[in-house]
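Each chain, letter by letter, is given below.
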Amino acid sequence: MKILVWVLLGAAAGLIFGVLLSEFIALAGMLVAKEPVGVKFLPLYLAVAFAAIAALVAAVRGRGR
């Protein structure tokens, strides 16, 4: 149950960070190339990555106790 909570928190944090990073990349593209650039589905990719990292960290920390 504890791992599920960490995975959900990791996914939420990854989604928020992905949106912010995507907006920053688009803004930088507008300043440099005069058109928005970016990675399609970046928030979803980061949400999955953060959830996986959170699961690994929670599993490793739980095993050490």
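Here's a quick rundown of the structure. Computed from a prediction, not measured in an experiment: that's the story for all the values here.

## A closer look at the overall build of the protein
- Broken down by element type, the protein carries two helices and zero strands.
- Relative to the globule expectation of 11 Å for 65 residues, the C-alpha radius of gyration of the protein, 15 Å, shows a markedly less compact shape.
- Taking the principal axes of the C-alpha coordinates as reference, the protein spans close to 55 × 15 × 15 Å.
- Residues classed as buried in the protein amount to 18% of the 65 residues present.
- The long-range fraction of contacts in the protein, counting pairs at least 24 apart against all pairs at least 6 apart in sequence, stands at 73%.
- Of the roughly 5,100 Å² of accessible surface on the protein, 77% is carried by carbon and sulfur atoms.

## Some details on a nonpolar patch on the surface
- Together, Leu 15, Val 19, Val 39, Phe 41, Leu 44 and Tyr 45 line one region of the surface with nonpolar side chains, adding up to about 560 Å² of accessible area.
- By the element assignment, Phe 41 lies in the loop between helix 1 (2–33) and helix 2 (42–63).
- Since its relative accessible area comes to 46%, Phe 41 is described here as partly exposed.

Cut-offs and rules
Residues numbered from 1 in each chain as written. Predicted model: local features only at pLDDT ≥ 70, side-chain atom pairs only at ≥ 80, totals over all residues. Heavy atoms only, no water. Helix = DSSP H or I, 4+ residues; strand = E, 2+ residues; numbered from the N terminus. Rg over C-alpha atoms; globule rule 2.2 N^0.38 Å. Buried < 20%, exposed > 50% of the residue type's maximum accessible area, 1.4 Å probe, protein only. Contact = heavy atoms within 4.5 Å. Areas by Shrake-Rupley, 256 points an atom, 1.4 Å probe, with all protein chains shown as cover. Patch = residues over 30% accessible without salt bridge, like charges linked within 9 Å, V, L, I, M, F, W, Y side chains within 5 Å. Salt bridge = Lys/Arg side-chain N within 4 Å of Asp/Glu carboxyl O.

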